[in-house]
Amino acid sequence: MVKRIDKGIELLADSPGAGPAAEKGAMVTFNARCFLRRGDEVTSDYQSIAAYGSRINTRNVQGIELIDHVVTLGKRHCIAGIERSLYGMQPGGYREILVSSHLAYREVGVPNLIPADALLRIQLWVQKVQNAT
């Protein structure tokens, strides 16, 4: 049976972390890898790392250098599928999700990276959760 996090988000894998669970208003630092349905990786992080170099924080995950993304939950700092999946995650936690296009880039896509109406498979690693007090 497929577990759903929310309408349009299927949970493929889940490994809890330890510490505070992310809630609305939390500042969450995470790493992500994104794949198209046929398995091709969306590699925008590599382009960003090359463009910004030492001005951004990176982390090595599964042999891949990834950008540390920082979002405040509830502020729409990232696509809805990722934001909704971060709720409840803890530092050190991991989730792999399938996100339907209506919670990602819809019929627009991202030129040269993500086609229109793309279903995305996303891997998330949470590094830090700082809940609002």
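Preceding block: the structure.
Each chain has its residues counted from 1, following the order in which its sequence is written. A pLDDT threshold of at least 70 governs which residues receive local features in this predicted model, and a stricter bar of 80 or more applies before side-chain atom pairs are shown or counted, although totals over entire chains, interfaces and linings include all residues. The basis for every side-chain value is the complete set of non-hydrogen atoms in the structure, without hydrogens or water.

## Thoughts on the overall build of the protein
Phase 1: Helical segments are the DSSP runs of H or I of at least four residues, strand segments are the runs of E of at least two, and each set is numbered from the N terminus. Scanning the protein from terminus to terminus reveals two helices and nine strands.
Phase 2: The linear arrangement of helices and strands in the protein, starting from the amino end, is β-β-β-β-α-β-β-β-α-β-β.
Phase 3: Classification of residues uses two cut-offs on accessible area relative to the type maximum, computed with a 1.4 Å probe and protein chains only: under 20% is buried, over 50% is exposed, and between them is partly exposed. With 133 residues in all, the protein has 40% of them scored as buried.
Phase 4: Here, residues are in contact when the closest pair of their heavy atoms is within 4.5 Å. In the protein, the proportion of contacts linking residues at least 24 apart, taken out of those at least 6 apart, comes to 70%.
Phase 5: Exposure was quantified through the Shrake-Rupley algorithm and a 1.4 Å probe, taking into account, for residues, occlusion by the shown protein chains and nothing else. Summing over all exposed atoms, the protein offers an accessible surface of approximately 7,600 Å²; the carbon and sulfur share of this is 48%.

## Focus on the pattern of salt bridges
Phase 1: For this document, the term salt bridge refers to a Lys or Arg side-chain nitrogen within 4 Å of an Asp or Glu carboxyl oxygen. Throughout the structure, instances matching the rule amount to seven salt bridges.
Phase 2: Between R38 and D40 there is a salt bridge, and its shortest N-O distance comes to 2.6 Å.
Phase 3: On the accessibility criterion, D40 (36% relative accessible area) is partly exposed.
Phase 4: The closest approach of N and O atoms between E96 and R121, which form a salt bridge, is 2.8 Å. One end of the pair, E96, is in strand β8 (residues 94-99); the other, R121, is in strand β9 (residues 120-130), and 25 residues separate them in sequence.
Phase 5: With a relative accessible area of 24%, R121 lands in the partly exposed category.

## With respect to the side chain of E96
Phase 1: Exposure remark for E96: the relative accessible area of 14% places this residue in the buried category.
Phase 2: Whenever a nitrogen or oxygen atom comes within 3.5 Å of another N or O atom, the pair is scored as a polar contact, on the condition that within protein one atom can donate a hydrogen and the other can accept it, and that pairs from neighbouring residues in sequence are kept only if both atoms are in side chains. Separated by 3.2 Å, the side chains of E96 and Y94 make a polar contact.

## Here we look at the packing of aromatic side chains
Phase 1: The rule is short: rings of Phe, Tyr and Trp, with Trp giving its six-membered ring, pair when the centres are within 6.5 Å, and they are stacked under 30 degrees, edge-to-face over 60, tilted in between. Enumeration over the complete set of coordinates arrives at one aromatic pair.
Phase 2: Taking the centre distance of 5.4 Å and the plane angle of 45° together, the rings of Y94 and W125 count as tilted. Placement of the pair is Y94 in strand β8 and W125 in strand β9, with a sequence separation of 31 residues. W125 shares its class with Y94; the two are buried.
Phase 3: Working rule: Lys NZ or Arg CZ, within 6 Å of ring centre, within 35 degrees of ring normal, means a charge sits over the ring. Over the ring of F35 we find R121, and its NZ or CZ is 4.2 Å from the ring centre.

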